[in-house]
Amino acid sequence: MRPAAALRVAFAGTPEFAAAALRAILEAGFAVPLVLTQPDRPAGRGMKLTPSPVKQLALAHGIAVDQPERLRSEEQRAALAACAPDVLVVAAYGLILPRAVLELPRLGCVNIHASLLPRWRGAAPIHRAIEAGDAQTGITIMQMDEGLDTGPMLMRQAVPIASDDTSGSLHDRLAPLGARMIVEALEALARGTLTATAQPEAGVTYAAKIGRDEATIDWQRPAEVIARAVRAFNPFPGAVASLTGHPLKVWRAQVVAAQGVPGTVLAADAGGVVVACGEAALRLLELQRPGSRRLPAGEFLRGFPVIPGDRCDSALPGASRQD
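Residues numbered from 1 in each chain as written. Predicted model: local features only at pLDDT ≥ 70, side-chain atom pairs only at ≥ 80, totals over all residues. Heavy atoms only, no water.

**Student:** Quick question: what am I supposed to make of the overall build of the chain here?
**Tutor:** Helices and strands together make up the secondary structure of the chain, namely 8 helices and 18 strands. Structurally, the chain occupies a C-alpha span of about 70 × 45 × 30 Å along its principal axes. Buried positions account for 50% of the 323 residues belonging to the chain. Summing over all exposed atoms, the chain offers an accessible surface of approximately 14700 Å²; the carbon and sulfur share of this is 53%. (Helix = DSSP H or I, 4+ residues; strand = E, 2+ residues; numbered from the N terminus. Buried < 20%, exposed > 50% of the residue type's maximum accessible area, 1.4 Å probe, protein only. Areas by Shrake-Rupley, 256 points an atom, 1.4 Å probe, with all protein chains shown as cover.)

**Student:** Explain the pattern of salt bridges to me, please; I cannot follow it from the model alone.
**Tutor:** Once the charged atoms of two side chains with opposite charge are near each other, the side chains can pair. A full pass over the atoms with the stated rule returns 14 salt bridges. For Arg99, the salt bridge identified is with Glu103, shortest N-O distance 4.0 Å. Taking the shortest distance from any N to any O, the salt bridge between Arg119 and Asp134 comes out at 2.8 Å. Of this pair, Arg119 sits in the loop between strand E7 (109-113) and strand E8 (121-122) while Asp134 is found in the loop between helix H5 (125-131) and strand E9 (136-143), placing the two residues 15 residues apart along the sequence. Arg119 gets classed as partly exposed once you look at its relative accessible area, which sits at 31%. Among the charged side chains, a salt-bridge network with shared partners connects Arg99, Glu103 and Glu146. (Salt bridge = Lys/Arg side-chain N within 4 Å of Asp/Glu carboxyl O.)

**Student:** Please clarify how the pairing of strand E13 (residues 246-256) should be interpreted in this entry.
**Tutor:** Strand residues, when the strand is regular, have side chains that alternate between the two faces of the sheet. Inspection of the sheet shows strand E12 (residues 239-243) paired to E13 by 5 bridges, in the antiparallel sense. Its bridge partner lying in E13, Ser242 is registered against Pro247. The turn linking E12 back onto E13 is made up of 2 residues, and Thr244 within it adopts a positive phi angle of 50°. Looking at chain direction, E13 and strand E16 (residues 281-288) are connected through 7 bridges and run antiparallel. What sits directly across from Arg252, in E16, is Glu286. (Pairing = 2+ DSSP bridges.)

**Student:** Help me understand the packing of helix H1 (residues 16-27) against helix H6 (residues 167-191) in this model?
**Tutor:** Each pair of packed helices gets described by two things: the angle between the helix axes and the distance between those axes. Between H1 and H6, whose axes approach to 8 Å, the crossing angle comes to 35°. Crossing hand, H1 versus H6: right-handed. Where H1 approaches H6, its residues Glu16, Phe17, Ala20, Ala21, Ala24 and Ile25 are matched on the opposing element by His171, Leu174, Ala175, Ala179, Ile182, Val183 and Leu186. Taken together, the residues that form the contact of H1 with H6 break down as 11 nonpolar, 1 polar and 1 charged. (Axes fitted to C-alpha atoms, helices over the stretch in contact; angles between N-to-C directions. Left-handed = near helix turned anticlockwise from the far one by under 90°. Contact = heavy atoms within 4.5 Å. Nonpolar A, V, L, I, M, F, W, Y, C, P; charged D, E, K, R; others polar.)

**Student:** Explain the packing of aromatic side chains here, please?
**Tutor:** The description of an aromatic ring pair uses the distance of the two centres, along with the angle that the planes make with each other. By the definition in use, this model includes 1 aromatic pair. Pairing Phe300 with Phe304 gives two aromatic rings, centres 5.3 Å apart and planes at 45°, and the pair type is tilted. The buried category is assigned to Phe304, whose relative accessible area is 7%. (Phe/Tyr/Trp six-rings, centres within 6.5 Å; stacked < 30°, edge-to-face > 60°.)

**Student:** Whenever I open this one, the packing of H1 against helix H2 (residues 53-60) confuses me. Can you help?
**Tutor:** Two elements in contact, H1 and H2, have axes separated by 8 Å at closest approach and are oriented at 25°. Judged on the interaxial angle alone, H2 and H1 are roughly parallel. Residues Glu16, Ala18, Ala19, Leu22 and Arg23 of H1 pack against Pro53, Val54, Leu57 and Ala58 of H2. Here the residues of the contact of H1 with H2 sort into 7 nonpolar, no polar and 2 charged. (Parallel < 35°, antiparallel > 145°, perpendicular 65-115°, else oblique.)

Below, the structure written as structure tokens:
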């Protein structure tokens, strides 16, 4: 018997990161009797209720989908209990699992976490690793317990963080890695060869959820710190500021060796808009005004003239909510 045939795998996840894992589990031949995902949310300019990527994939494969707001009551857990899974795989689900859920599957709950635990436990490990300037991150497959990403590790693999990685590009490398690793973990679990290792007590950090207010650029900070934040907040929520009193988002930037009063434009040409920071300066390479699209600096300047001496300040009210 193939290992995949030995397990009934329920799945809980919401975004594309999770959908990649579900797709791999299905392709490996595991029986998935139920998928849990977040309720449909408004999205797009029309704010139309939109199913999550995981829900769309599950429905395309004819899999039953449950979307409880919480999992605290027996009623909210009824669908999961009824499908009698051997294991529940969790990936970026968005709900905290109570003990009753953790103990429901025969083999417990297994999580795909996008960091090298115990570093960056929590909601935004990809963003925080880039923001902190980490040289590497990775995927940890872990057995879930009642703590916040505190359970024993089952598998772990590192990935280098490139100097130009954004949260988007790093996500796109980690998602398929997590998908491959969860299939390997489930196959080992079915064979009874998966071993757990307790997380070390040293090196624990927490990746708090990203808030839109964090995205405002503070030009008093060193250029290197701001550049990392620009990469960390791409594609969400986007680093924001105001240029000559107009709100904008900064999508790409690089550190340059220049000095000036923080927030002052030092140069503006096809190569970028150079803005002085607390230490060194930042060349803004890709910008976006409200209602417009992302533009390379040269193209942006053709429709929005900027000259040395202009001011680039903190974001204006509402600037962080542009598309």
